[in-house]
Amino acid sequence: MLTEEDARRLVLAEIDALRGRVEYDLQIQRVEALPFGWIFYWGAAQGGRSGERPRLGGNGPILVDRENERLIGLPTRTPVARQIADYERRLRREAHARNRAAKQATGAALRRPGAQG
């Protein structure tokens, strides 16, 4: 299971991979804690003399799942709240599938000849 600091390191590694393709200094700008992990918002650091932050395209936030260590880049075209809700539904479906598989495996073990029950 990841800590927030572990997740931050993973996100920074993803951002570092982009540094050679842009002329700006990239950084994590904000972190939002969620029940299953975090969302890291990132972008360019404030630039030069103007003090304004350059606008980047394609720098959607990165969702990090603390349990399975997934990093998911979220597109900017869909509201973040909707993407979080979609991911939460996905997690529930995966948990349901795991529980169903475990019950089936337990039932199969009990039906085997010589199984205690």
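This structure is a prediction, so every number in the text was calculated from the model and none was measured.

(A) Seen up close, the overall build of the protein. Each helix and strand in the protein was counted, giving two helices and four strands. Helices (α) and strands (β) of the protein occur, in sequence order from the N terminus, as α-β-β-β-β-α. Burial analysis of the protein (117 residues in total) assigns 26% to the buried set. Here the analysis covers contacts within the protein between residues at least 6 apart in sequence; of these, 40% occur between residues at least 24 apart. Per element, the accessible surface of the protein, about 8,200 Å² overall, is 48% carbon and sulfur.

(B) Quick peek at the sheet that holds strand β2 (residues 37–44). Overall, antiparallel pairing links the four strands, which are arranged β1-β2-β3-β4 in an open sheet. The outermost strands of the open sheet, each flanked by one partner alone, are β1 (26–34) and β4 (71–73). Ignoring strand direction, the axes of neighbouring strands in this sheet form an average angle of 25°. In the sheet, strand β3 (residues 62–65) pairs with β4 via three bridges, with the strands oriented antiparallel. Directly across from Val-64, in β4, lies its bridge partner Leu-71.

Calculation notes
Residues numbered from 1 in each chain as written. Predicted model: local features only at pLDDT ≥ 70, side-chain atom pairs only at ≥ 80, totals over all residues. Heavy atoms only, no water. Helix = DSSP H or I, 4+ residues; strand = E, 2+ residues; numbered from the N terminus. Buried < 20%, exposed > 50% of the residue type's maximum accessible area, 1.4 Å probe, protein only. Contact = heavy atoms within 4.5 Å. Areas by Shrake-Rupley, 256 points an atom, 1.4 Å probe, with all protein chains shown as cover. Pairing = 2+ DSSP bridges. Axes fitted to C-alpha atoms, helices over the stretch in contact; angles between N-to-C directions.

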